[in-house]
Amino acid sequence: MAASATAPPAPSNLKRIVAASLIGTTIEWYDFFLYGSAAALVFNKLFFPESDPLVGTLLSFLTYAVGFAARPLGALVFGHYGDRLGRKKLLVLSLLLMGGATFAIGLLPTHATIGSAAPVLLTVLRLIQGFALGGEWGGAVLLVSEHGDARRRGFWASWPQTGAPAGQLLATGVLSALTALLSEAAFTSWGWRVPFLLSGVLVIVGLWIRLSVDESPVFKAALAQAEERRATAGQVERMPLVAVLRHHWRDVLIAMGARMAENISYYVITAFILVYATTSAGLSKQTALNAVLIASAVHFAVIPLWGALSDRIGRRPVYLIGAVGVGAWMFPFFALIDAESFGSLLLAVTVGLVLHGAMYAPQAAFFSEMFATRMRYSGASIGAQFSSVAAGAPAPLIATALLADHGTSTPIALYVIAAALLTVVAVACARETRDRDLASVEAGVHGDAAQGARGSKADAPASA
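Description of the structure in this document. (Residues numbered from 1 in each chain as written. Predicted model: local features only at pLDDT ≥ 70, side-chain atom pairs only at ≥ 80, totals over all residues. Heavy atoms only, no water.)

Thoughts on the overall build of the chain
So, point 1. Within the chain one finds 19 helices and 0 strands.
So, point 2. Buried residues in the chain amount to 57% of all 464 residues.
So, point 3. Here the contacts in the chain between residues at least 6 apart in sequence split such that 86% fall between residues at least 24 apart.
So, point 4. Per element, the accessible surface of the chain, about 17100 Å² overall, is 69% carbon and sulfur. (Helix = DSSP H or I, 4+ residues; strand = E, 2+ residues; numbered from the N terminus. Buried < 20%, exposed > 50% of the residue type's maximum accessible area, 1.4 Å probe, protein only. Contact = heavy atoms within 4.5 Å. Areas by Shrake-Rupley, 256 points an atom, 1.4 Å probe, with all protein chains shown as cover.)

Describing empty space enclosed by the protein
So, point 1. The final tally for this structure, using the stated rule, is 4 cavities of 30 Å³ or more.
So, point 2. Size it by volume and the largest cavity reaches roughly 140 Å³.
So, point 3. Every residue lining the largest cavity is counted, 15 residues in all, and those nearest its centre are Trp29, Arg71, Arg259, Asn263 and Tyr360.
So, point 4. Of all elements in the fold, only helix H1 (11-46), helix H5 (117-147), helix H12 (249-279) and helix H15 (342-370) reach the threshold of two or more residues within the lining of the largest cavity.
So, point 5. Top element by residues in the lining of the largest cavity is H12. It accounts for 5 residues. (1 Å grid on protein atoms, 1.4 Å probe; cavity = no way out; pocket = protein on both sides within 12 Å on 5 of 7 lines; lining within 4 Å. Points joined across faces, edges and corners; volume = space filled by probe spheres on them.)

A closer look at the side chain of serine 265
So, point 1. The topology assignment puts serine 265 in helix H12.
So, point 2. Here the side chain of serine 265 touches glutamate 262 through a polar contact of 3.3 Å, landing on its backbone oxygen.
So, point 3. Filtering out sequence-adjacent residues up to four positions away, serine 265 remains in contact with Val326, His356, Met359 and Val416. (Polar contact = N/O pair within 3.5 Å; in protein donor to acceptor, adjacent residues only side chain to side chain.)

Some remarks on the environment of isoleucine 105
So, point 1. Relative to the elements of secondary structure, isoleucine 105 occurs in helix H3 (residues 87-107).
So, point 2. Exposure remark for isoleucine 105: the relative accessible area of 0% places this residue in the buried category.
So, point 3. Here the alpha-carbon distance between isoleucine 105 and leucine 197, two residues 92 residues apart in the chain, equals 8.1 Å.
So, point 4. For isoleucine 105, the residues in contact, after removing those within four places along its chain, are Tyr35, Phe43, Leu122, Leu125, Gln129, Trp192, Arg193 and Phe196.

Some details on the environment of glycine 392
So, point 1. Within the secondary structure layout, glycine 392 lies in the loop between helix H16 (376-390) and helix H17 (395-406).
So, point 2. For the pair glycine 392 and valine 268, spaced 124 residues apart in the sequence, the C-alpha separation amounts to 8.7 Å.

Topic: a nonpolar patch on the surface
So, point 1. A grouping of Leu73, Val77, Tyr81 and Leu85 is seen on the molecular surface, where their side chains present a nonpolar patch of about 350 Å² in accessible area.
So, point 2. Assignment of secondary structure puts tyrosine 81 in helix H2 (residues 53-85). (Patch = residues over 30% accessible without salt bridge, like charges linked within 9 Å, V, L, I, M, F, W, Y side chains within 5 Å. Salt bridge = Lys/Arg side-chain N within 4 Å of Asp/Glu carboxyl O.)

Some details on the pattern of salt bridges
Opposite charge on two side chains permits them to pair, given that their charged atoms come into close proximity.
So, point 1. Applying the stated rule across the entire model yields 7 salt bridges.
So, point 2. Two residues, arginine 87 and aspartate 83, come together in a salt bridge whose shortest N-O distance is 3.0 Å.
So, point 3. On the basis of relative accessibility, which here comes to 0%, the residue arginine 87 falls in the buried class.
So, point 4. Residue classification places aspartate 83 among the buried positions, given a relative accessible area of 0%.
So, point 5. Note that arginine 153 and glutamate 369 form a salt bridge whose closest N and O atoms lie 2.8 Å from each other. Of this pair, arginine 153 sits in helix H6 (residues 153-158) while glutamate 369 is found in helix H15, placing the two residues 216 residues apart along the sequence.
So, point 6. Look at arginine 153 and you get buried, because its relative accessible area is 3%.
So, point 7. Linked by salt bridges that have partners in common, Asp83, Arg87, Glu146 and Arg376 make up one network.

Digging into H17
So, point 1. Taking 1.5 Å per residue as the helical rise, H17 with its 12 residues ought to reach 16 Å, and the 16 Å between its terminal C-alpha atoms agrees with that figure.
So, point 2. Every buried residue of H17 is listed here: Ala395, Ala399, Leu402 and Leu403. Down the axis of H17, the sector holding all buried residues measures 100°, keeping them to one side. Set apart from the buried face of H17 by more than 90 degrees, the exposed residues are Leu397, Ala404 and Asp405.
So, point 3. Contacts from the buried residues of H17 go to H12 and helix H18 (410-429).
So, point 4. Immediately downstream of H17, the backbone of glycine 407 shows phi near 70°, a positive value. (Expected span 1.5 Å × (residues − 1). Arc of directions from axis to C-beta.)

A short note on H5
So, point 1. The end-to-end C-alpha separation of H5 is 45 Å, in line with the 45 Å expected for 31 residues at 1.5 Å each.
So, point 2. At glutamate 136, H5 shows its maximal kink, close to 25°.
So, point 3. Of all 31 residues in H5, 24 are buried; the element is thus mostly enclosed. (Bend = angle between axes of the 7 residues up to and from the residue.)

Examining the packing of H3 against H5
So, point 1. At a closest axis distance of 8 Å, the pairing of H3 and H5 adopts a crossing angle of 150°. On the basis of their axis angle, the class for H3 and H5 is roughly antiparallel. Crossing of H3 over H5 shows left-handed handedness.
So, point 2. Here the residues of the contact of H3 with H5 are counted per class, giving 15 nonpolar, 4 polar and 3 charged. (Axes fitted to C-alpha atoms, helices over the stretch in contact; angles between N-to-C directions. Parallel < 35°, antiparallel > 145°, perpendicular 65-115°, else oblique. Left-handed = near helix turned anticlockwise from the far one by under 90°. Nonpolar A, V, L, I, M, F, W, Y, C, P; charged D, E, K, R; others polar.)

Points about the nonpolar core
So, point 1. Counting 104 residues, the largest nonpolar core has Phe43, Phe333, Phe334, Ile337 and Phe367 as the members making the most contacts within it.
So, point 2. Ignoring sequence-local partners within four residues, the contact set of phenylalanine 333 consists of Ile269, Ile273, Ala348 and Val349.
So, point 3. One finds Leu14, Leu91, Leu143 and Val144 within the second-largest nonpolar core, a separate group that totals 12 residues. (Core = buried A, V, L, I, M, F, W, Y, C linked by side-chain atoms within 4.5 Å.)

Quick word on the packing of aromatic side chains
So, point 1. Evaluated as defined, the whole model comprises 13 aromatic pairs.
So, point 2. By way of ring pairs, the aromatic residues Trp137, Tyr319, Phe366 and Phe367 are connected into one cluster. (Phe/Tyr/Trp six-rings, centres within 6.5 Å; stacked < 30°, edge-to-face > 60°.)

Thoughts on unusual backbone geometry
So, point 1. The backbone of glutamate 340 sits at a positive phi, close to 65°, despite the residue not being glycine.
So, point 2. Note that glutamate 340 resides in the loop between helix H14 (315-338) and H15.

Concerning the packing of H12 against H16
So, point 1. In the contact formed by H12 and H16, the axes pass within 8 Å of each other and the chain directions differ by 45°. As the angle between them shows, H12 and H16 are arranged oblique. The two elements H12 and H16 cross, and the hand of that crossing is right-handed. Contact residues: H12 offers Val252, Ala255, Met256, Arg259, Met260 and Asn263, while H16 offers Gly379, Ile382, Gly383, Ala384, Phe386, Ser387, Ser388 and Ala390.
So, point 2. Residues that form the contact of H12 with H16 fall into these classes: 8 nonpolar, 5 polar and 1 charged.

Spelled out as structure tokens, the structure:
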């Protein structure tokens, strides 16, 4: 297939679109990661004070996990309306929901003030965060993918992916600065609220940038075609979810499988590492946090490089490099941590995140290229977010339970290796999508039309 039938946008316009997506995803991930850090530091004391300290910590982390449970629902709702109304409108809504919920957490009365209503309200706000994040990812990567030309789509679409390490760096950095500047009593009393309230300022900046960009030209063209079919032939499109399950069910399964190693390895490397390094390796929490921070900065830098490589050699080869590499790195990863030095810990985490980036970087373009335009938001979001419930959400808990039961890292390494094998199989079953013109995918699939089922091989979905 030809690389692209559409003219690429002006460089300045594309850079503004990339910036809008990157800043938005950074803010969303800042809010999401901020909650996780606060859950470990203060929420157990402020919202679950009547519990045993360990039970309080587990309860605060349970509210953290609730955010993952809400992400598939966000994917369904935002995917449906994003495919019907457009990417830009839903991205603005997701930013408002996430920022509003985070800001509200900063104003939330604690258990000492309103009793058991405090943890209930905290859980509700966490649900809103997860719901918003479930809809954010698909819209952000699609807005970039559908504006850029096919020749460099992997590079440009990888920039919204850097929002995850950027958000983690920002959240951890703000919390670290506050804990360094404030006494423990001041931080517990009011200091913890500052990063949450800061989200309000970040949202204003993000909205200003997002409102300045145009809707995806590919989506607008597909919407016009759908309206023309409805007017001339009376063809009524199926709901995006129904259309995805009819025409792209195999792509959804491939996307879910592709996410397993990427999601599980990320939370083992960045979250479980704090448990393993401090309990089994005898390192301090600050040492482990410093290693994750530095490695996250490297992660941020390499993601666009992997994205650019996927434009040269393909999405599948780069993704497979990451999946195979992460699986092969797990035993050396834990062996380096067991060396009980900051240098070896930093090497273990950095290499792990660099290999993770090989999966995460091409993911945005890869998933976008799998689906037809009028069901792309739904398909990409469902494939990405439903797998996060089975992969990312339980990964730190499973790894911790394996460590508690066996007292060794071996079963944890095997757990990640099994996820890597599943991802290798999923990606191996996919077709290469690097040269796909997103505007032409609609020619092969458009809702109920019989032509969609008889589309030519050249215009069929990636894995039809």
